[in-house]
Amino acid sequence: MSIRIRLRKNEIKSNRNYGQYFAETVSMGTVGVEQMAEEISRNCTLKSSDVQGAIIALQEVMANHLQNGETVVLPGIGSFSLAAESSGVEDPGKFNLQRHVRGIKCRFRPSGKRQGGKNGPIVYDLVGDAKVDWVPLYKKGQT
């Protein structure tokens, strides 16, 4: 299998790469818990409902640990952590949580290994042997 790309023109006039074309990954659909649970159940002794229950429980447990400030590590997948988004202040004494913290986001760092020493490229576990291919032709205006 391969991921699909199309070219997208940079239309941001203030960007130094304005007018250039870049590869843009195109989603070929979405996969839900039900489908993944069915696929997993074909590869092990668990029933699809057991797998779905485990995935739902994983989400609940992950949310609890993340909201307690812990980093959740899933081997072969990556690590998740929560991070605050805030505006800056010049004087630390004037920082106000309610006024300066704008929100909380979830960060994901995929697991992988660096090849060829400390300056070598990182090969991510989830990427594996994925290839890149052009997206099938589409009509203008279609996403």
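To be clear, the structure that these remarks concern was listed above.
Residues numbered from 1 in each chain as written. Predicted model: local features only at pLDDT ≥ 70, side-chain atom pairs only at ≥ 80, totals over all residues. Heavy atoms only, no water.

### What about the environment of Q98?
Item 1. Along the polypeptide, Q98 turns up in helix α3 (residues 97-100).
Item 2. A C-alpha to C-alpha distance of 10.0 Å links Q98 and S86, two positions 12 residues apart in sequence. (Helix = DSSP H or I, 4+ residues; strand = E, 2+ residues; numbered from the N terminus.)

### Quick look at helix α2 (residues 48-67)
Item 1. Helix length check: α2, at 20 residues, gives a terminal C-alpha distance of 29 Å against a target of 28 Å (1.5 Å per residue), a fit within 8%.
Item 2. Of the surrounding elements, those touching the buried residues of α2 are α1 (33-42), β3 (72-74), β4 (78-86) and β5 (101-110).
Item 3. Note on α2: the residue one or two positions beyond its end, G69, has a positive phi of about 85°. (Expected span 1.5 Å × (residues − 1). Contact = heavy atoms within 4.5 Å.)

### With respect to the pairing of β4
Item 1. Pairing of β3 with β4 involves three bridges; the strand directions are antiparallel. Pairing of V72 across the sheet is with F80, part of β4.
Item 2. Between β3 and β4, which follow one another and run antiparallel, lie three residues, and G76 among them has a positive phi close to 80°.
Item 3. Relative to β5, β4 runs antiparallel, the two being bridged by nine bridges. (Pairing = 2+ DSSP bridges.)

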